[in-house]
Amino acid sequence: MRADAQRNREKLLRAAREVFVDLGPDAPLEEIAQRAGVGIATLYRRFPERAALIEAVAADVLTALGRAAWSALSEEADPAEGLRRYAHAALDLKVGAVMPVLSGRFDLDEVLGGVHTDAVDAVQEMLTRAQRAGLIRDDAAFGDFALMIVRLSRPLPGGVVPYDDALAHRQLDLYLDGLRAPGAPRPEGGPPGPAIDADAFKRLRSRIAGGSSVDPASPA
């Protein structure tokens, strides 16, 4: 595939992931092409049918997850830091938002069959190493880690919080800190992202109920 064709394919898959999360799997394909910055004809050349695009999005997300997990496993000497690195990468992929919305639209076994680097084994290996090293509490299970990412990667309702992604990364770090074993070293500095105090939450709550955009850090 030519370099420009590959770039267009990547832009289409990234845009499709966002649009499917925002508007559902039956979203207009024109919206996907527009967000990708390409013409609709380019989309149809790459993906002649909606089903092919949906399957490609699922495969792309799972491939990226696997790549992130195995890279973290091989490159991070600290397995707890490897888990943290992978978790933030998975959060950026919005796996917990895009995969459920595509549920029933593709064959998972078939897609997994084409993914050469499944994230599950690498994540389990990092978790095992971290527990053996006394870095992660012994009672933490794989699902406590993986399903937490799924929950956090779902956007807040209404799409009205501009710092939604930053809040999710902050909450992820707080959760991961809770998985660390007593006495295990912790990353320097506090969690990233905006801290929402009670007053800011009241403003946020009322704006979510009203469906209007809100900056949680704003005093208004």
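Located above this text is the structure these notes cover.
Think of each chain on its own: its residues are numbered from 1, step by step along the sequence as written. Side-chain atom pairs in this predicted model are given and counted only at pLDDT of 80 or more, local residue features only at pLDDT of at least 70, and totals for whole chains, interfaces and linings cover all residues. As a convention, hydrogens and water are excluded, and side-chain values are obtained from all of the structure's heavy atoms.

Glancing now at the side chain of arginine 180. Strands are runs of DSSP state E lasting at least two residues, helices are runs of H or I lasting at least four, and both sets are numbered from the N terminus onward. With respect to the helices and strands, the residue arginine 180 is situated in the loop between helix 10 (164–179) and helix 11 (198–210). For every residue, the accessible area obtained with a 1.4 Å probe (protein chains only) is divided by the maximum for its type, and the residue is called buried under 20%, exposed over 50%, and partly exposed between those limits. Asp and Glu are treated as the negative residues and Lys and Arg as the positive ones, with His and the ends of the chain left uncounted. Basic side-chain nitrogens of Lys or Arg form a salt bridge, by our definition, when they fall within 4 Å of a carboxyl oxygen of Asp or Glu. One buried charge, arginine 180, has no salt-bridge partner; the nearest side chain with opposite charge is aspartate 177, at 4.3 Å. At 3.0 Å, the side chain of arginine 180 forms a polar contact with the backbone oxygen of proline 185. Ignoring anything within four residues of it in the chain, the contact list for arginine 180 reads Ala80, Leu135, Ile136, Arg137, Pro185, Arg186 and Pro187. Throughout this description, a polar contact denotes any pair of N or O atoms lying within 3.5 Å of each other; where both atoms belong to protein, one of them has to be capable of donating a hydrogen while the other can accept it, and for residues adjacent in sequence the pair is counted only when both atoms sit in side chains. Contacts: residue pairs with any heavy atoms within 4.5 Å of one another.

Next up on the list: the pattern of salt bridges. Enumeration over the complete set of coordinates arrives at 11 salt bridges. Close ionic contact of aspartate 60 with arginine 17 constitutes a salt bridge, the shortest N to O distance being 3.7 Å. A residue pair is termed long-range when its members are at least 10 positions apart, and aspartate 60 in helix 4 (residues 50–75) and arginine 17 in helix 1 (residues 3–23) qualify at 43 residues. A relative accessible area of 14% means that arginine 17 is categorised as buried.

So, about the layout of surface pockets. Its boundaries defined by the atoms lining it, the largest pocket holds a volume of some 510 Å³. Taken together, 23 residues form the lining of the largest pocket, with Leu62, Leu65, Val95, Met99 and Val120 sitting closest to its centre. Elements represented by at least two residues in the lining of the largest pocket include exactly helix 4, helix 5 (79–92), helix 6 (95–101), helix 7 (108–113), helix 8 (119–132) and helix 9 (142–152). A total of 6 residues in the lining of the largest pocket trace back to one element, the largest contributor, which is helix 9. Two kinds of site are reported from a 1 Å grid over the protein atoms alone, namely cavities, where a 1.4 Å probe fits but cannot get out, and pockets, open sets with protein on both sides within 12 Å along at least five of seven lines, and residues are called lining when an atom falls within 4 Å of a point. Grid points are joined across faces, edges and corners, and a volume is the space filled by probe spheres set on the points.

What follows deals with the environment of leucine 73. Turning to its location among the elements, leucine 73 is positioned in helix 4. For the pair leucine 73 and alanine 122, spaced 49 residues apart in the sequence, the C-alpha separation amounts to 6.4 Å. Setting aside its immediate chain neighbours within four residues, leucine 73 contacts Ala122, Glu125, Met126 and Arg129.

Turning our eyes to something else, we now look at the side chain of histidine 88. In this fold, histidine 88 is placed in helix 5. Of the polar contacts made by the side chain of histidine 88, one reaches the side chain of aspartate 173; its length is 2.7 Å.

Next up on the list: unusual backbone geometry. In this structure, lysine 94 is a non-glycine residue whose phi angle is positive, near 55 degrees. Mapped onto the fold, lysine 94 is located in the loop between helix 5 and helix 6. Exposure remark for lysine 94: the relative accessible area of 26% places this residue in the partly exposed category.

Looking now at the nonpolar core. One broad rule of soluble globular proteins: the nonpolar side chains tend to lie buried together. Among the nonpolar cores identified, the biggest contains 59 residues, and Ile32, Leu53, Val57, Leu65, Tyr86 and Phe145 are the most heavily contacted of them. For this core, the secondary structure elements donating two or more residues are helix 1, helix 2 (29–36), helix 4, helix 5, helix 6, helix 8, helix 9 and helix 10. In terms of residue count, helix 4 provides more of this core than any other element does, 13 residues in total. With residues up to four places along the chain from it excluded, the contact list for phenylalanine 145 reads Leu83, Tyr86, Ala87, Val123, Leu176 and Leu179. Buried residues of nine kinds, namely Ala, Val, Leu, Ile, Met, Phe, Trp, Tyr and Cys, make up a nonpolar core once their side-chain atoms join them within 4.5 Å.

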